Amino acid sequence: MNLSVHQKKEKTFKILVLGDVGTGKTSFIRQYVSQKFFINYKATIGSDFAIKDLDWDENLRIKLQLWDIAGQERFSCMTRVYYRGAVGAFVVFDVSRAATFEGVEKWKEDLDSKLLLPTGEPIPAILLCNKCDQSSIIKKGKIEKLCHDLGFVSCHETSAKDNVGIDEAIKVLISKILQTEESLLTTLSGVHVPIQEEPKKNSTNCCACHLPRSKKET
Ligand code: GTP
Ligand code: MG
């Protein structure tokens, strides 16, 4: 049954956008929220946030709070405050700068050490390989391995400049958040939750990476 506009359910999701300095976090958010891109770099200080209202389906409206955490914040002790209440995260690196790929692990560890679901599991997080309009110096196999090893939901190539992959990455994260919320409700209400099957050993994908097929080989 479709609910009328006034009866639509509303949810607010706080989503963190993390990653090293200059990887394109602000640009990613700005492109998604206002379809704008600026070539000039202006460092974010502390944190900032943007809101986007989204009609998810005919029965649900989502208010996305996208928290833009300054890359330089990894070296401060403020992240715990910024992370509070978040239900999902993006960790961004720049495919043209290897040092930012090295930074991914630190960001994910920082996130998982400061914020967990009531079940003790990490909150859903997606890895963004940003600036894919430029040539990548990181091998696809390395990205997929890191994505799997660090427990990311998936990894996606994005370009905040050309508006590539952004909508898809957001959709995948929201779907995962809704799914997590659903299973948390079931768990917390004491209903038996079936244990998920282990992924097949010979599966060709190490994780749900959304990298283009042709580029997957290293
Ligand atoms: P901090 O606030 O310092 O943490 O940086 P940030 O991650 O918010 O990076 P920002 O969005 O400010 O982008 C840094 C620089 O990269 C800017 O000059 C942007 O124009 C550029 N940039 C961002 N995304 C892309 C992209 O997808 N492609 C290209 N070519 N340049 C990008
Ligand atoms: Mg910024």
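In this report, we go over the structure that sits alongside the text.

Cut-offs used in this document
- Every chain is numbered independently, its residues counted from 1 as its sequence is written.
- Here chains are named by letter from A upward and ligands by number from 1 upward, in the order in which they appear as written.
- Local features in this predicted model are restricted to residues whose pLDDT is 70 or higher, and side-chain atom pairs enter the listing and the counts only when it is 80 or higher, whereas totals over whole chains, interfaces and linings include all residues.
- Hydrogens and water are ignored here; the side-chain numbers use all heavy atoms of the structure.
- To qualify as a helix, a DSSP run of H or I must reach at least 4 residues; to qualify as a strand, a run of E must reach at least 2; elements of each kind are numbered from the N terminus.
- Relative accessible area decides the class of each residue, using a 1.4 Å probe on protein chains only: under 20% of the type maximum gives buried, over 50% gives exposed, and in between gives partly exposed.
- Note on contacts: a residue pair is in contact if any heavy atoms of the two residues lie within 4.5 Å.
- Computed with the Shrake-Rupley method and a 1.4 Å probe, the accessible areas treat only the protein chains shown as cover for residues.
- The pairing test for Phe, Tyr and Trp rings, Trp by its six-membered ring, is centres within 6.5 Å, and the orientation test on the planes gives stacked under 30 degrees, edge-to-face over 60, and tilted for anything in between.
- Only Lys NZ and Arg CZ are tested; either one counts as a charge over a ring when it is within 6 Å of the ring centre and within 35 degrees of the ring normal.
- Within this scheme the basic residues Lys and Arg register as positive and the acidic residues Asp and Glu register as negative, but His and the chain ends are omitted.
- We count a salt bridge whenever a side-chain nitrogen from Lys or Arg sits within 4 Å of a carboxyl oxygen from Asp or Glu.
- Any residue with a non-hydrogen atom lying within 4 Å of a molecule or strand is treated as near it.
- Counting of polar contacts relies on pairs of N or O atoms within 3.5 Å, with two restrictions inside protein: one atom must be capable of donating a hydrogen and the other of accepting it, and residues adjacent in sequence are counted only when both atoms are side-chain atoms.
- Three classes are used, and their members are as follows: Ala, Val, Leu, Ile, Met, Phe, Trp, Tyr, Cys and Pro are nonpolar, Asp, Glu, Lys and Arg are charged, and the others, Gly among them, are polar.
- Among the buried residues, those of types Ala, Val, Leu, Ile, Met, Phe, Trp, Tyr and Cys that are joined through side-chain atoms within 4.5 Å form a nonpolar core.

Turning our attention to the overall build of the protein chain. Looking only at helices and strands, the protein chain has five helices and six strands in total. For the protein chain, with 218 residues in total, the buried portion stands at 42%. Looking at the protein chain alone, contacts between residues at least 24 apart form 76% of all its contacts between residues at least 6 apart. Carbon and sulfur atoms provide 53% of the accessible area of the protein chain, an area that totals close to 12,300 Å².

Moving on, we come to the packing of aromatic side chains. For the coordinates displayed, the defined rule picks out three aromatic pairs. Where phenylalanine 49 meets tryptophan 67, the ring centres are 5.3 Å apart and the plane angle is 10°; that geometry is what we call stacked. Of this pair, phenylalanine 49 sits in strand β2 (residues 47-57) while tryptophan 67 sits in strand β3 (residues 60-69), and the two are 18 residues apart along the sequence. Look at phenylalanine 49 and you get partly exposed, because its relative accessible area is 45%. The aromatic ring of tryptophan 67 is capped on one face by lysine 14, whose charged end is 3.8 Å from the ring centroid. Lysine 108 extends its terminal NZ or CZ atom over the ring of phenylalanine 152, reaching a point 5.5 Å from the ring centre.

The next thing to look at is the side chain of aspartate 68. In this structure, aspartate 68 sits in strand β3. Here aspartate 68 is buried and forms no salt bridge, its nearest opposite-charge partner lysine 25 lying at an N-O distance of 5.6 Å. In this structure, aspartate 68 is in contact with Val17, Lys25, Thr26, Ile29, Thr44, Gly46, Ser47, Asp48 and Phe49, ignoring residues within four places of it in sequence.

Close to ligand 1 lie 24 residues; Lys25, Ser27, Phe38, Tyr41 and Gly71 are nearest. The separation between an oxygen atom of ligand 1 and a polar main-chain atom of glycine 22 is 3.0 Å. Taking 660 Å² as the accessible area of ligand 1 by itself, protein coverage stands at 93%. Residue contributions to the shell around ligand 1 peak at three residues, all from helix α1 (residues 25-34). In the shell around ligand 1, the residues fall into eight nonpolar, eleven polar and five charged.

Counting residues in each nonpolar core, the largest one holds 29 residues, and the members touching the most others are Leu16, Phe93 and Leu111. Mapped onto this core, the elements with two or more residues apiece are β1 (9-19), β3, α2 (79-83), β4 (88-94), α3 (98-114), β5 (125-130) and α4 (140-149). Top element by residues in this core is α3. It accounts for four residues. Contact partners of phenylalanine 93, with chain neighbours within four places excluded, come to Thr23, Thr100, Phe101, Val104, Leu127, Leu128, Cys129, Asn130, Ile138 and Ile143. Within the second largest apolar cluster, 24 residues are counted, among which are Ile29, Val92, Ile174 and Ile177.

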